Amino acid sequence: MERQRTRQVMLALTLAGGLLLTGCGGGDGGSRSSADGAKGGSYDSGFPAPDQPQGEQNSESSRGDYVTPSPDYLSTFALDVDTASYGYARRTLAEGRRPDPSTIRPEEFVNSFRQDYDRPDGNGFTVTVDGARTDNDDWSLVRVGLATRSAEEHADERPPAALTFVIDISGSMAEPGRLDLAQRSLDTMTERLRDDDSVALVTFSDRAETVLPMTRLGDHRHRIHEAIDSLKPTYSTNLGAGVETGYRTAVEGLREGATNRVVLISDALANDGETDPDAILGRIDTARREHGITLFGIGVGSDYGDALMERLADKGDGHTVYVSGDDAEKVFCEQLPQNIDLTARDAKAQVAFDPETVASFRLIGYDDRRVADDDFRDDRVDGGEVGPGHTVTALYAVRTRPGADGHLATATVRWQDPKSRAPHEKSGELETGSLDDSLWSATPRFQVTAVAAYLADALRRGDDRWNSLPGAPRLSELADRADTLADRTEDRAVRQLADTIRRAGHLE
């Protein structure tokens, strides 16, 4: 008992010490960031992650209901820039079907929208922490926002890319909006890559084949176009063979000093050969770890193996998006170039809530990305890979203590430099006095974040693991909020969000 009391006193002093952090703010109103610097694995009292005894558990339960945090008051997760869950939900609702609750990942809804965070000048992150009170007594939504430098900044200085496209040509890809969409997008993307970039092409159905070895674009774009145009849908889907052959081709064409990446384009409806993502990636583990080859999954099709693609991307140190006809050019010609360069490897975030002001909290989403608190500064533990132009948002439901006043939370992001692997950290803070009095008087982009989270929350109803978020409005009211925000932001994506919410409301 004495030892526990001592540890709690030390934690309180640590959290109080966080108030002394200084530096440039990552956002407005009470959000502050610490100076950036390389940190080793040991605890630095300027940051919110004190060493914990072995066996100390995370403050989140495995269920999604609100919990009383354990004494550490920490929440730790690997960064994730996936957006596939939202894209696939949009497609499903547009077809008049309600998506399976198991495919709804709230963080991917939230991360599908533009944010208003300041950006750093070089590699690394800015940290923004803000929040707003909901209509539920003592409940607030707290947003932790991380942003990398602009994708356009230093774009001419990015290293060359060596991209191995692994393309599903199984029979299911014959449906309009699958293989044909991939071919058109790849043709457009080929014209936009640089002369010093390289492309390889692997196809798979019942077996896998290297159609084009790693080829510098330069004067060879015609060869790449011919290879793309020759693709025809054939038999079953041996996704395991495709990934294995793709990584072998990537290793054979490996370029030192380049960003080497496998880009998997598939409906992920594996029905032949190995279908377990752990087993598939176990075969190529050496290529992934020793050569740093990451996986970017691009999902297509009205029937889509969401769980398999998401698991492959997580295990492959990459991420996923889902494309349909109206957003294919954005993914292939805007987002893919962002993912050619990396600004951070193995990035993790940790949020420390102040026990003096916070009664309980819940991280919304990131269910498959949770990291043990003790592993935050263990750089052997995988985090997320993030490129330029990205923002990462984590939303928390936080219940403050009655009359709470003062420090509420400190958020820290830790990452490794892509080249040197040197670790760095940066922090931001939030005070209770900086919480907006009402969610609907917060900044427009904060409101968009909340609307996206509330939509995901509504679509997960029926899954007993999750309780509703505090302050959740009816879908009709949520759609009206989104329409107003679309007018204010003049953002087409927010207008599409409003339409998606209305479709969901019609299916209730």
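Colleague: Give a description of the overall build of the protein chain that names residues and reports values.
Modeller: On a plain count of helices and strands, the protein chain comes out with 13 helices and 17 strands. Counting every position in the protein chain, which comprises 508 residues, the buried fraction comes to 60%. The long-range share in the protein chain, meaning contacts at least 24 apart out of those at least 6 apart in sequence, stands at 79%. As displayed, the protein chain offers around 19,600 Å² of accessible surface, 45% of which is attributable to carbon and sulfur atoms.

Colleague: Now, about the nonpolar core: what can you tell me, with residues and values included?
Modeller: F109, L141, L455 and I501 are the most contacted members of the largest nonpolar core, which totals 39 residues. Contributing elements (two or more residues each) for this core: α2 (84–94), α3 (106–110), β5 (139–147), β15 (391–400), α11 (444–459), α12 (475–489) and α13 (492–506). Broken down by element, the residue count for this core peaks at 11 residues, all from α11. Contact partners of L455, with chain neighbours within four places excluded, come to Y86, F109, L475, L478, L497, T500, I501 and A504. Ranked by size, the runner-up nonpolar core spans 33 residues in total, among them F165, A182, L217 and I340.

Colleague: Explain the packing of aromatic side chains to me, using residue names and the numbers behind them.
Modeller: Summed over all chains, the structure comprises 10 aromatic pairs. With a centroid separation of 5.3 Å and an interplanar angle of 70°, the aromatic rings of Y88 and Y304 are classed as edge-to-face. On the criterion of sequence distance, the pair formed by Y88 in helix α2 and Y304 in the loop between β10 (294–299) and α9 (306–315) is long-range, its members being 216 residues apart. Relative to F361, the ring of F353 lies with its centre 4.4 Å away and its plane at 25°, an arrangement referred to as stacked. On the basis of relative accessibility, which here comes to 0%, the residue F353 falls in the buried class. Aromatic rings pair up to connect Y86, F109 and F113 into one cluster.

Colleague: Kindly report on the environment of V323, identifying the contributing residues and their values.
Modeller: Structurally, V323 can be placed in the loop between β11 (319–322) and α10 (328–338). Overall, the relative accessible area of 0% leaves V323 in the buried class. When the C-alpha atoms of V323 and L181 are compared, they prove to be 9.0 Å apart, with 142 residues separating the residues in sequence. The contacts of V323, once residues within four sequence positions are left out, are L181, I298, G299, V300, A328 and V331.

Colleague: Quick rundown of the sheet that holds β5? Include the residues and the values.
Modeller: The strands making up a sheet associate through hydrogen bonds between their backbones, and the pairing can be parallel or antiparallel. The antiparallel open sheet is built from four strands, whose spatial order is β4-β5-β15-β13. The strands lining the two open edges of the sheet, one partner per strand, are β4 (126–133) and β13 (358–363). Across the sheet, the mean angle from the axis of one strand to that of its neighbour is 25°, orientation sign disregarded. Two strands pair when backbone bridges link them, and β4 and β5 are joined in this way by eight bridges, in the antiparallel orientation. Bridging from a neighbouring strand, G131 pairs with V142 of β5.

Colleague: Describe in detail α11, supporting the description with residues and values.
Modeller: Between its first and last C-alpha, α11 extends 23 Å over 16 residues, near the 22 Å set by a 1.5 Å rise per residue. Among the 16 residues that make up α11, 15 are buried, leaving the element largely enclosed by the rest of the structure.

Colleague: Describe in detail helix α4 (residues 179–192), supporting the description with residues and values.
Modeller: The terminal C-alpha atoms of α4 lie 20 Å apart, and with 14 residues this matches the ideal 20 Å at 1.5 Å per residue to within 8%. Taken residue by residue, α4 has L179, L181, A182, Q183, S185, L186, D187, M189 and T190 as its buried positions.

Parameters at a glance
Residues numbered from 1 in each chain as written. Predicted model: local features only at pLDDT ≥ 70, side-chain atom pairs only at ≥ 80, totals over all residues. Heavy atoms only, no water. Helix = DSSP H or I, 4+ residues; strand = E, 2+ residues; numbered from the N terminus. Buried < 20%, exposed > 50% of the residue type's maximum accessible area, 1.4 Å probe, protein only. Contact = heavy atoms within 4.5 Å. Areas by Shrake-Rupley, 256 points an atom, 1.4 Å probe, with all protein chains shown as cover. Core = buried A, V, L, I, M, F, W, Y, C linked by side-chain atoms within 4.5 Å. Phe/Tyr/Trp six-rings, centres within 6.5 Å; stacked < 30°, edge-to-face > 60°. Pairing = 2+ DSSP bridges. Axes fitted to C-alpha atoms, helices over the stretch in contact; angles between N-to-C directions. Expected span 1.5 Å × (residues − 1).

Don't take any of this as a statement about function, it's just geometry.
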